Amino acid sequence: MNILYGVNATGNGHLSRSRITISELKKRGHKVTVLFSGRDVKDFFDLEEFKPYIIKKGFTFVFKNGKLNVFKTLFNIDLIQFTKDVFKIKKEYDVVITDFEPISAYAARKLGIHCIGIGHQYSFLKKIPKSFKMKLASLFFLRFYTPINSTISSHFYHFNQPILSPFIEESLKNKDAVSVMKNTFLVYLAWEEKDHMISILNAIKKNKFIYYCSVDKEEQIDNVTLKPYSNKKFKEDLVACNGLLTNAGFQLPAEAIYLGKKILCKPLLGQPEQEHNAKTLKKLQHATVCSKFTKENIELWIRYGKQKKEMYNDPIDLMIEIIENPRKDFKNEILKLWK
């Protein structure tokens, strides 16, 4: 098949998940063109294996100090450019896949091409426990942001719904024998204020922190090692760390759970999906949740936080089969995956 694959590049979780799926589609002989949107061109990294790809502006969510800035998000929307980008896409694809990427989804609707929504966000269209805020978001935002014909959704748990287990890339499997660094914790907090977080971590003297953030080269600030974004090096540090400090996204916590790492997470305020994820992670006993990163909260988590390992079954073969047969019902096969 000739596939247009849209990837929302606002967060690295979409990139990490799509990297797995696109690689497997290419291995099976499918021709895949990748469309990225939602991030400045200068902020992309490790895109070689995605080729051929194109980068468009799309929509970007603006966060400040761990909170969604609705006004700036709306102010940054360029509907004229968005419409131009949609109309530039030609009817040359057999199917369109969108990982929460709107340009590809709207182009599919305009051209009459079947569009498959892949990712965690689409689990909220299923009958799973949701807050009132999340119900509103799934009713309106999910359906209008990326109009789709069918979904391949994933979550930390199935809730007796046709929801896939998380995708875990090959480099993270069979890593039980890897030596774990003593008293070393991995930090990925793209939406938090970096200097403020560093000052908090510097005060926790007996521990070391590896902090992936927007820096040009590796830098040491007391007990905090700042590192530039790199998919390969990040995954190596995730395997070797004692635990993870992060926001309440989906892909990264799922990888940490698979590796048996303890997690301290803070949901982005005003972001219903992250608020839902944090509540679910806490209920499933997979993470400690806080409303604010403080020295006291982090120290308590380091001392008393627990991990709960989950050996998710690999959904990739079934997911590719669903993509190749988008109108077939795979509900029974999906539920079997969890057993």
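Up top you'll find the structure we're talking about.
Here the structure is a predicted model, which is why all the values come from computation and not from measurement. (Residues numbered from 1 in each chain as written. Predicted model: local features only at pLDDT ≥ 70, side-chain atom pairs only at ≥ 80, totals over all residues. Heavy atoms only, no water.)

Q: Please provide a residue-by-residue account of the packing of aromatic side chains, values included.
A: This structure, assessed with the given rule, holds 14 aromatic pairs. Both rings, one in Phe 36 and one in Tyr 53, keep their centres 5.7 Å apart while their planes meet at 70°; by these two values the pair is edge-to-face. Of this pair, Phe 36 sits in strand 2 (residues 31-37) while Tyr 53 sits in strand 3 (residues 53-56), and the two are 17 residues apart along the sequence. Taken together, a centroid distance of 6.1 Å and an interplanar angle of 70° make the contact between Tyr 188 and Tyr 229 edge-to-face. With Tyr 188 in strand 9 (residues 184-188) and Tyr 229 in the loop between strand 12 (224-227) and helix 7 (231-240), this residue pair connects regions lying 41 residues apart in the sequence. Relative accessible area serves as the criterion here: at 16%, Tyr 188 is assigned to the buried category. (Phe/Tyr/Trp six-rings, centres within 6.5 Å; stacked < 30°, edge-to-face > 60°. Helix = DSSP H or I, 4+ residues; strand = E, 2+ residues; numbered from the N terminus. Buried < 20%, exposed > 50% of the residue type's maximum accessible area, 1.4 Å probe, protein only.)

Q: Go over helix 8 (residues 251-259) with me, naming the residues and quoting the values.
A: Burial analysis of helix 8 places nine of its nine residues in the buried class, the great majority of the element. Turning to helix 8, its buried residues are Gln 251, Leu 252, Pro 253, Ala 254, Glu 255, Ala 256, Ile 257, Tyr 258 and Leu 259. Its buried side turned inward, helix 8 meets helix 1 (12-27), strand 9, helix 7, strand 13 (243-247), strand 14 (262-266) and helix 9 (272-283). Looking one or two places after helix 8, you find Gly 260, whose phi comes out positive at around 75°. (Contact = heavy atoms within 4.5 Å.)

Q: Which residues make up the sheet that holds strand 11 (residues 219-221), and what values go with them?
A: Spatially, 11-12-10-9-13-14-15 is the arrangement adopted by the seven strands of the open sheet, whose pairing is mixed. Of all the strands in the sheet, just strand 11 and strand 15 (288-289) have a single pairing partner and so form its edges. One ladder, built from four bridges, connects strand 10 (residues 208-212) with strand 12; its direction is parallel. From the neighbouring strand, Ile 210 faces strand 12, where its bridge partner is Thr 225. Contacts from helix 9 reach strand 13, strand 14 and strand 15 within the one sheet, and its direction differs from that of strand 14 by about 145°. Contacts from helix 10 (residues 295-304) reach strand 9, strand 10, strand 13, strand 14 and strand 15 within the one sheet, and its direction differs from that of strand 14 by about 160°. (Pairing = 2+ DSSP bridges. Axes fitted to C-alpha atoms, helices over the stretch in contact; angles between N-to-C directions.)

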